[in-house]
Amino acid sequence: MEVKVLSSKLVKPAYNAGATPAPSTEYIPLSIFDKVTFNMQMAIIYAFAPPAPSPAAIEKGLAAVLAQYRAFAGQLGEAPDGTPSVILNDRGARLVEATVDADLVDMAPAKPTPELLKLHPDLEAEHEEVVLLQLTRFRCGSLAVGFTSNHVVADGHATSNFLVAWGRATRGLPMGLPPVHHHKDLFKPRPSPRVEHDHRNREYYLPSPTDVVGHHGDAADNIVIHKAHFSKDFIAGLRAKASEGRGRPFSRFETILAHLWRTMTRARDLSPEETSKIRLSVDGRHRLGQPAEYFGNMVLWAFPRATVGDPLNRPLKHAAQVIHDEVAKVDGAYFQSFVDFACSGAAEKEGLARSAVCKDAQCPDVEVDSWLTFPFYELNFGTGSPSYFMPAYFPTEGMLFLVPSNFGDGSVDAFVPLFQENLQAFKECCYSME
């Protein structure tokens, strides 16, 4: 697929004429949650069938929404006093327009592939902007929207708020409640701090000179991203099996994740004595009494773990219970314990680093990004909801993405990066309820 770039520009916030003048440069200090999250680009792809919205309308809506979500038009840097911050300087978001001499149906993959990276601005290049966008028009009239944002500035919850507001702004509708930002008096330790959990070995770790992090070499060449579609009926059967004899059934998320944990563990053919753990994000907004409009990161992680033989030799309900119990532990008290630890200065004094780092492979572990509750399909530029939505190509073995399917019937798509040699074994047991 050859993509022809037509233009590249910065779209700056458009403030209403006659309203208060454009605000001056401001600084949002990075919170303790921003500082422990993944330092990476979050990249997603939308596709809109014809008649697709016009680039001019999308750009106008983008300029309007950036006036309300200034962090996405700013830059990462430092305040005058040296505090790491998001600089609200209205630099703008990078918008690239492109065309493809092909029909969307000819290249629209059922799963993420390296070809998808052509629907984004070059993600390997250095960019000063927080948000990068590419609008790619296909010969058939379809439009692909490649959206990329810096995870340090906003988590999935905040980003989904922005995307819905962008669609509403494009349609000339009220954007909803404005974002609420971090400030220096938020997330304060208690008068008598109590660190009640092992944050040194959960949100942080002590690095050693031999640690290898990030993406290296050609490891991605041996990784394939498999898309597993779980129908509403399959999920219902899975939940019934996992929840048998339990008063309150496990959630859709708990059940699917338990199933995938067991399936991946079986496909990897690991030793029964090895330990496998899951890293899954837990939103702290309601746990810390913060509004849904909080814009930034407010996520910590639960770490369900078991020896490999445990989930494989016991019923599905056991794996689901392990996940349920670990998530329940990451409650308001856990978040406050983290606040007390992160504000103590111990991490800096002891040379600890954030444990949320990108790797080539998670094996024997699993990491999951669940977008099941985010309203990504509500991005509507005036011609209806997208025909499909998926994460961009991100070849990290064991890093799962759970996404509502485009059927809108409660079915779920799981994007599962696997080593090539484990793919067939995964396919063979993916739809088994045993």
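Residues numbered from 1 in each chain as written. Predicted model: local features only at pLDDT ≥ 70, side-chain atom pairs only at ≥ 80, totals over all residues. Heavy atoms only, no water.

- The chain goes by agmatine N(4)-coumaroyltransferase in an unreviewed UniProt entry, where it is assigned to Hordeum vulgare subsp. vulgare.
- Quoted verbatim from the Sequence similarities (unreviewed entry) heading of the UniProt record, the comment on the chain is "Belongs to the plant acyltransferase family."
- For the chain, the Subunit (unreviewed entry) comment in UniProt is given as "Monomer." (UniProt positions renumbered as here; feature names shortened; annotations may be inferred.)

**Here we look at the overall build of the chain**
Here is step 1: When its secondary structure is counted, the chain shows ten helices and 18 strands.
Here is step 2: Rg of the C-alpha trace for the chain: 22 Å, near the compact-globule value of 22 Å for 434 residues, within the 12% margin.
Here is step 3: Along the first, second and third principal axes, the C-alpha set of the chain runs to 65 × 60 × 45 Å.
Here is step 4: Considering only contacts in the chain between residues 6 or more positions apart, those separated by 24 or more positions represent 82%.
Here is step 5: Of the roughly 18900 Å² of accessible surface on the chain, a fraction of 52% belongs to carbon and sulfur atoms.
Here is step 6: For the chain, the distance from the average position of its 42 positive side-chain charges to the average position of its 51 negative side-chain charges is 5 Å. (Helix = DSSP H or I, 4+ residues; strand = E, 2+ residues; numbered from the N terminus. Rg over C-alpha atoms; globule rule 2.2 N^0.38 Å. Contact = heavy atoms within 4.5 Å. Areas by Shrake-Rupley, 256 points an atom, 1.4 Å probe, with all protein chains shown as cover. Lys, Arg positive; Asp, Glu negative; His and termini not counted. Charge placed at Lys NZ, Arg CZ, Asp CG, Glu CD.)

**A closer look at the environment of Gln424**
Here is step 1: The residue Gln424 is located in helix H10 (residues 423-429) in this model.
Here is step 2: For Gln424, a relative accessible area of 46% corresponds to the partly exposed category.
Here is step 3: Spatially, the C-alpha atom of Gln424 lies 8.0 Å from that of Ala267, the residues being 157 residues apart in sequence. (Buried < 20%, exposed > 50% of the residue type's maximum accessible area, 1.4 Å probe, protein only.)

**Let's talk about the domain arrangement of the chain**
Here is step 1: Entries for the chain in the domain assignment read domain 1 (3-181) and domain 2 (221-374 + 394-430).
Here is step 2: Once you take the C-alpha centre of each, domain 1 and domain 2 turn out to be 27 Å apart.
Here is step 3: Opposite the 33 residues of domain 1 that make contact, domain 2 presents 33 residues.
Here is step 4: Both faces considered, domain 1 and domain 2 share a buried interface measuring about 2800 Å² in area, 67% of it formed by carbon and sulfur atoms.
Here is step 5: On the domain 1 side of the contact with domain 2, Phe33, Phe38 and His157 bury the most area, a combined 25% of that side's loss.
Here is step 6: For the pair domain 1 and domain 2, the number of links is one salt bridge.
Here is step 7: Across the pair Arg285 and Asp155 runs a salt bridge whose closest N-O atoms are separated by 3.0 Å.
Here is step 8: At the surface where domain 1 touches domain 2, the tally comes to 13 residue pairs in polar contact (both at pLDDT 80 or more).
Here is step 9: A per-element tally of the side of domain 1 that touches domain 2 places helix H3 (residues 156-170) first, with six residues.
Here is step 10: Among the residues making up the side of domain 1 that touches domain 2, the classes are represented as 20 nonpolar, nine polar and four charged. (Domains from an automatic or database assignment. Buried area = accessible area lost by both parts, 1.4 Å probe. Salt bridge = Lys/Arg side-chain N within 4 Å of Asp/Glu carboxyl O. Polar contact = N/O pair within 3.5 Å; in protein donor to acceptor, adjacent residues only side chain to side chain. Nonpolar A, V, L, I, M, F, W, Y, C, P; charged D, E, K, R; others polar.)

**Focus: unusual backbone geometry**
Here is step 1: The amide bond that connects Pro50 to the next residue, Pro51, takes the cis arrangement and shows omega of 0 degrees.
Here is step 2: Positionally, Pro51 belongs in the loop between strand E3 (41-48) and helix H1 (55-68).
Here is step 3: Cis geometry is found at the peptide bond from Cys363 to Pro364, where omega equals 10 degrees.
Here is step 4: Mapped onto the elements of the fold, Pro364 is located in the loop between strand E14 (353-354) and strand E15 (366-370).
Here is step 5: Here Phe187, not a glycine, exhibits a phi torsion of approximately 60 degrees, which is positive.
Here is step 6: Checked against the element boundaries, Phe187 lands in the loop between H3 and strand E9 (204-205).

**Digging into the side chain of Arg285**
Here is step 1: Relative to the helices and strands, Arg285 is located in the loop between strand E11 (275-283) and strand E12 (299-302).
Here is step 2: By relative accessible area, Arg285 is classed as buried at 3%.
Here is step 3: At 3.0 Å, the side chain of Arg285 and the side chain of Asp155 are in polar contact.
Here is step 4: For Arg285, the residues in contact, after removing those within four places along its chain, are Asp155, His157, Ala158, Gln290, Pro291, Ala292, Tyr294, Gly296 and Met298.

**A look at the pattern of salt bridges**
Here is step 1: Tallying each qualifying case throughout the model produces 20 salt bridges.
Here is step 2: Measuring nitrogen to oxygen at the nearest pair gives 3.1 Å for the salt bridge that ties Asp283 to Arg285.
Here is step 3: The class of Asp283 is partly exposed, set by a relative accessible area of 22%.
Here is step 4: Among the charged side chains, a network of salt bridges with common partners joins Arg91, Arg94, Glu128 and Glu129.

**Points about H3**
Here is step 1: The terminal C-alpha atoms of H3 lie 21 Å apart, and with 15 residues this matches the ideal 21 Å at 1.5 Å per residue to within 8%.
Here is step 2: By the criterion of burial, H3 is predominantly enclosed, with 13 of the 15 residues buried. (Expected span 1.5 Å × (residues − 1).)

**Some remarks on the side chain of Glu129**
Here is step 1: With respect to the element layout, Glu129 can be found in the loop between helix H2 (104-107) and strand E7 (131-138).
Here is step 2: Take Glu129: its relative accessible area is 6%, and that puts it in the buried class.
Here is step 3: Side chain to side chain, Glu129 and Arg91 meet in a polar contact 2.7 Å long.

**Notes on the sheet that holds strand E4 (residues 75-78)**
Here is step 1: Overall, antiparallel pairing links the three strands, which are arranged E2-E5-E4 in an open sheet. Every other strand in the sheet has two partners, leaving strand E2 (26-29) and E4 as the edge strands with one partner each. Along the sheet, successive strands turn relative to each other by an average axial angle of 45 degrees, direction set aside. (Pairing = 2+ DSSP bridges. Axes fitted to C-alpha atoms, helices over the stretch in contact; angles between N-to-C directions.)

**Description of the packing of H1 against H3**
Here is step 1: Across the interface, H1 lies against H3 with an axial gap of 8 Å and an inter-helix angle of 120 degrees. Classified by the angle their axes make, H1 and H3 are oblique. Judged by the sense of rotation from one axis to the other, the crossing of H1 with H3 is right-handed. Contact with H1, carried on its side by Ala57, Ile58, Gly61, Leu62, Ala64, Val65 and Leu66, involves Phe162, Ala165, Trp166, Ala169 and Thr170 of H3 and no other residues of that element. (Parallel < 35°, antiparallel > 145°, perpendicular 65-115°, else oblique. Left-handed = near helix turned anticlockwise from the far one by under 90°.)

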